[in-house]
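Here is how the chains run, residue by residue.
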Amino acid sequence: MRMAKRDWIIIKVPYGGGFCSLNLAKPKNTRKAPEALQKEFMRQRIFMADNDVSSWDNVVWHKINFRFGRQNNASGWARIHEALLSYLKDLDWQYDANMLFLGGSNSITASTYAGTISKFGYRPAGLIVLDAHPDCCFKASWPIHSDWLRWLIENNYLLSENLLIIGLRQIEKKEKEFLDRHIIKYYKMSSMKDIEHFAMNDISVFHALERFRKLSAVYLSIDIDVASGAYAPGTGCPSPGGFTDRELISLVKQLKSALPNLRAADIVEINPLRWWQKKILRYDQTVDLGVKLIKEIIS
């Protein structure tokens, strides 16, 4: 019996704020996703991962208890940001664990990335984002879910040359200007071929990942809306034309295999159905996909 590795811990971050009146999507219900994902993960612990890991009993789960409401404003996010940074600073690092964060809205990535890079060498760290949107807008003064990536760059937490975005298909004009101005490397869905072998057969990707392997650490952020809305309808802004569930799982496997320095990751923007609050379970394909991604990352 193969057990899951002990070098990953899962940290639940139940924050559903991070939006404003200008956003089409309102991810407030994503605060329920961490608990839904853990409950479904435990229900599915009888199933093996694709690499034959069959026991999940040693998986370590943590939860950040903010002890206050959603606080969907700049001051509220600042409190959550400080609480999260303090939590990560106090976390026991003695076993040098990698971290998988479960959100919550994509706003948490501004905090989780900022909180982890100090351990991994600050600027030499890299960020790979799987997302349908660049999240480089400027719709608020704080990192709401459409602005957080721009916030990280402009606040010097991340060098634009150490950023790679994959899966884009809904880009606002000002976001395109930001990407081009900062020379950020990205891949639109329309330009991606042979996704099952994307990391090996695309020369530009191969060279990009080769450079990422030289960084002190890599953080992988997965916004579930990078998958097509047909496969992940439970999110704030589902979009057609994205990855199939199989393609997304394959891509995550490829990135993990290609990046031995992958030290942190998150899965965000899942908006679960209410089945997990009931005794009678109902199938939720978006949560189910999230559970599969968790297994592939930590095993």
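Data block above holds the structure.
The rules we used
- Residues numbered from 1 in each chain as written.
- Predicted model: local features only at pLDDT ≥ 70, side-chain atom pairs only at ≥ 80, totals over all residues.
- Heavy atoms only, no water.
- Pairing = 2+ DSSP bridges.
- Helix = DSSP H or I, 4+ residues; strand = E, 2+ residues; numbered from the N terminus.
- Axes fitted to C-alpha atoms, helices over the stretch in contact; angles between N-to-C directions.
- Contact = heavy atoms within 4.5 Å.
- Core = buried A, V, L, I, M, F, W, Y, C linked by side-chain atoms within 4.5 Å.
- Buried < 20%, exposed > 50% of the residue type's maximum accessible area, 1.4 Å probe, protein only.
- 1 Å grid on protein atoms, 1.4 Å probe; cavity = no way out; pocket = protein on both sides within 12 Å on 5 of 7 lines; lining within 4 Å.
- Points joined across faces, edges and corners; volume = space filled by probe spheres on them.
- Nonpolar A, V, L, I, M, F, W, Y, C, P; charged D, E, K, R; others polar.
- Phe/Tyr/Trp six-rings, centres within 6.5 Å; stacked < 30°, edge-to-face > 60°.
- Parallel < 35°, antiparallel > 145°, perpendicular 65-115°, else oblique.
- Left-handed = near helix turned anticlockwise from the far one by under 90°.
- Arc of directions from axis to C-beta.

Draft legend 1. Structural detail: the sheet that holds strand 2 (residues 8–13). Strand order in the open sheet made by the eight strands is 4-2-5-10-9-6-7-8, with parallel pairing throughout. The open sheet has two free edges, formed respectively by strand 4 (60–63) and strand 8 (185–188), since each of these has just one partner strand. The sheet shows a mean angle of 15° between the axes of neighbouring strands, taken without regard to direction. Helix 9 (residues 285–298) contacts strand 2, strand 5 (98–103), strand 9 (218–223) and strand 10 (262–268) of the sheet and is inclined by roughly 175° relative to strand 10.

Draft legend 2. Seen up close, the nonpolar core. Membership of the largest hydrophobic core comes to 52 residues, with the highest contact counts inside it found for Leu 100, Ile 128, Leu 130, Ile 166 and Ile 298. Trp 77, Leu 163, Ile 165 and Ala 264 belong to the second-largest nonpolar core, a separate cluster that totals 45 residues.

Draft legend 3. Up close: the layout of surface pockets. In this structure, the largest pocket spans a volume of roughly 320 Å³. In this structure, the largest pocket is lined by 18 residues; those nearest its centre are His 133, Lys 139, Ser 146, Glu 172 and Cys 237. Partitioned by chemical class, the residues of the lining of the largest pocket number five nonpolar, six polar and seven charged.

Draft legend 4. Spotlight on the packing of aromatic side chains. Taken as a whole and judged by the stated rule, the model has seven aromatic pairs. When the ring of Phe 101 is compared with that of Tyr 219, the centres are 6.4 Å apart and the planes differ by 15°; the resulting orientation is stacked. Note that Phe 101 is positioned in strand 5 and Tyr 219 in strand 9, a separation of 118 residues in sequence. Like Phe 101, the residue Tyr 219 is buried in the burial classification. Here the aromatic rings of Tyr 187 and Phe 198 are separated by 5.5 Å at their centres, their planes lie at 90°, and the arrangement is edge-to-face. In this pair, Tyr 187 is assigned in strand 8 and Phe 198 in helix 6 (residues 198–201), connecting sequence segments eleven residues apart. Relative accessible area serves as the criterion here: at 8%, Tyr 187 is assigned to the buried category. You can call Phe 198 buried: its relative accessible area is 2%.

Draft legend 5. Fine view of the packing of helix 8 (residues 245–258) against helix 9. It is at 10 Å that the axes of helix 8 and helix 9 come closest, and there the two elements cross at 20°. If you check the angle between helix 8 and helix 9, you find them roughly parallel. Where helix 8 crosses over helix 9, the two elements pack in a sense that is right-handed. On the side of helix 8, the interface is formed by Asp 245, Leu 248, Ile 249, Val 252, Lys 253 and Lys 256, while helix 9 contributes Leu 289, Lys 292, Leu 293, Glu 296, Ile 297 and Ile 298. Its residues assigned to classes, the contact of helix 8 with helix 9 shows seven nonpolar, no polar and five charged.

Draft legend 6. Broad picture of helix 7 (residues 203–212). Turning to helix 7, its buried residues are Val 205, Ala 208, Leu 209 and Phe 212. The arc that holds every buried residue of helix 7, seen down its axis, measures 95°, which confines them to one face. Buried residues along helix 7 sit against strand 6 (126–130), strand 7 (163–168), strand 8, helix 6, strand 9 and helix 8.

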